[in-house]
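Each chain, letter by letter, is given below.
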Amino acid sequence: MFQEKEQFMAKDEIRALQLEKIQKQIKHAYDNVELYRKKFDKIGLKPEDIKTLEDIAKVPFTVKDDLRDHYPYGILAVPLENVHRLHASSGTTGIPTVVSYTENDLNTWSNLMARCYSCAGVTPEDIVQNAYGYGLFTGGLGFHMGAERLGTMVIPTATGNTKRQIRMMKDMKSSVICCTPSYALYLIEALKEEGVDPSELSIKIGMFGAEPWSDETRKHIEKALGIKAQDLYGMSELYGPGVAVECPEQNGLHIWSDEFYVETIDTDTGEVLPPGEKGEIVFTMLSREAMPLLRYRTKDLAVINWEKCTCGRSHPRIMRIKGRSDDMLIVGGVNVFPSQIEDILVGIEELGEQFQIVLETTKLDNLHVQVEVAPQFWGKLDLKELAQKVSTQLQESLTLRARIELLEPGTIPRTQGKAKRVIDNRKKI
Ligand code: DLL
């Protein structure tokens, strides 16, 4: 098993290592990045003041705007000639968030990704087909380097050309597929269209991430493809994919806490929450050279479970990300994430997997949900009755009033990357 020792470190061992690494990182950040020095000096904090892990709560948060404000080269802590790679994510504001890596950073990232594969059950004998986007997005190269580090053959199909994707899966006998869960749903449809029975394929594990997806969607993908669908979490600022992954128990994603110190905070007050409470996840990277990140606010909301997993790993677990604080919709006073709506819709047999939430006015009291009917039911049932059934279920489970529009299968645009579930047509003020 790749990095077996690191995967199965005991809790005490992790905590001792965390303190040692965090003290070093804080000094590195303070000495080399003006942004951190200014933030520390403003409150009279010195790196030497961090004597215990609890002291980390004294360190000011870092937010995405801190990175954007330092565009283009971000918050570099090393000379530019030591930077070996850049990635970037496009933001809604138009200014990309640029992330940089030294050779050691790329090495650490590769190890983390290889560890993720290994934890999810992938071995060097597997054949990995990587359908994440290659380029500025971290998904493609992250999964690629991890597979190579594990010693697994990797086929860099990248996104797009679904027919070729299917051909490769079939002919090369790929045993692992890496892509977003929405693309996995599309692949299932495309296989049907191509007349390929999933039992003809050799795929046994899917490594799905980069967007929220529900347990119901997992069940659907696992059943349709006859595979184990593993969830994997990451974000560009934290190297990319590889921060946390599910083990075969599928009961939370193990955060590699020898490389990431995790906290959950109250989004409004910034206060650190006790274990088990849902809040915004905050990460401190423990050995990033090029771009140290201290107490980085992810905006992702989840519960962290600190109990040892039945798989024997002590690394804490993220109990499935429900969504981001900035994705939350407030509909008639009810707080709801698109993933909760997805959960309900996927559970209704007559519906397909594709849906969109359309926001029409600034008043969200009436939510408009467009959802496709499952192909085998299209034209065979009373749409009015079905719409009523969907609306009642949303009302009963989420106390949500919604206008349901049922669409013909294939109407909603398919995606190769992250799905766009919310269409915001409200006039920007
Ligand atoms: O999505 C990195 C990645 C690539 C992760 C491939 C997994 C697989 P960003 O584009 O910066 O990076 O987006 C990061 O995506 O803050 C979450 O909101 C969301 N996200 C990522 N993985 C998951 C997941 C990549 N497994 C943002 N479940 C994060 C839910 C996820 N949300």
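Just so we're clear, the structure is a prediction, and the values are computed from it rather than from any experiment.

Draft legend 1. Region of interest: unusual backbone geometry. Y71 connects to P72 through a cis peptide bond whose omega is 5 degrees. For P72, the location among the structural elements is in the loop between α4 (64-69) and β1 (85-89). Positive phi values are uncommon outside glycine, yet A158 reaches one of about 60 degrees. Here A158 shows up in the loop between β4 (153-155) and α7 (162-171). For Y239, which is not glycine, the phi torsion reads 75 degrees and is therefore positive. Locating Y239 in the fold gives a position in the loop between β7 (228-235) and β8 (240-246). Overall, Y239 belongs to the buried group, its relative accessible area being 1%.

Draft legend 2. How the structure looks around the packing of helix α8 (residues 181-194) against helix α9 (residues 215-225). Relative to each other, α8 and α9 sit at 35 degrees, their axes nearing to 11 Å. Crossing hand, α8 versus α9: left-handed. Between α8 and α9, the contacting residues are P181, A184, L185, I188 and L191 on the first element and T217, H220, I221, A224 and L225 on the second.

Draft legend 3. Seen up close, the domain arrangement of the chain. Each domain of the chain was delimited in the assignment, giving domain 1 (1-322) and domain 2 (329-428). If you average the C-alpha positions of domain 1 and of domain 2, the two centres end up 29 Å apart. Summed over both sides, the interface between domain 1 and domain 2 buries roughly 1,700 Å², with carbon and sulfur atoms accounting for 52% of that surface. The three residues of domain 1 that bury the most area against domain 2 are E189, E216 and K322, which together make up 27% of that side's buried surface. As a salt-bridge pair, R414 and E189 come within 2.7 Å of each other at their nearest N and O atoms. Seen at the junction of domain 1 and domain 2, the total is ten residue pairs in polar contact (both at pLDDT 80 or more). Those elements giving two or more residues to the side of domain 1 that touches domain 2 turn out to be α8 and α9. When residues of the side of domain 1 that touches domain 2 are assigned to their parent elements, the largest contribution, five residues, is made by α8. Of the residues assigned to the side of domain 1 that touches domain 2, the class counts are eight nonpolar, nine polar and six charged.

Draft legend 4. Representation of the sheet that holds strand β16 (residues 351-359). Strand order across the open sheet formed by four strands is β18-β17-β16-β19, with mixed pairing between neighbours. A single partner strand is all that each edge strand has here, and the edge strands are β18 (402-407) and β19 (422-424). With direction set aside, neighbouring strand axes in the sheet form an average angle of 25 degrees. One ladder, built from three bridges, connects β16 with β19; its direction is parallel. In the sheet register, V358 faces β19, and the bridge partner there is I423. Sitting on the sheet, helix α11 (residues 383-398) touches β16, β17 (367-373) and β18, and the angle it makes with β18 is about 140 degrees.

Conventions and cut-offs
Residues numbered from 1 in each chain as written. Predicted model: local features only at pLDDT ≥ 70, side-chain atom pairs only at ≥ 80, totals over all residues. Heavy atoms only, no water. Helix = DSSP H or I, 4+ residues; strand = E, 2+ residues; numbered from the N terminus. Buried < 20%, exposed > 50% of the residue type's maximum accessible area, 1.4 Å probe, protein only. Axes fitted to C-alpha atoms, helices over the stretch in contact; angles between N-to-C directions. Left-handed = near helix turned anticlockwise from the far one by under 90°. Contact = heavy atoms within 4.5 Å. Domains from an automatic or database assignment. Buried area = accessible area lost by both parts, 1.4 Å probe. Salt bridge = Lys/Arg side-chain N within 4 Å of Asp/Glu carboxyl O. Polar contact = N/O pair within 3.5 Å; in protein donor to acceptor, adjacent residues only side chain to side chain. Nonpolar A, V, L, I, M, F, W, Y, C, P; charged D, E, K, R; others polar. Pairing = 2+ DSSP bridges.

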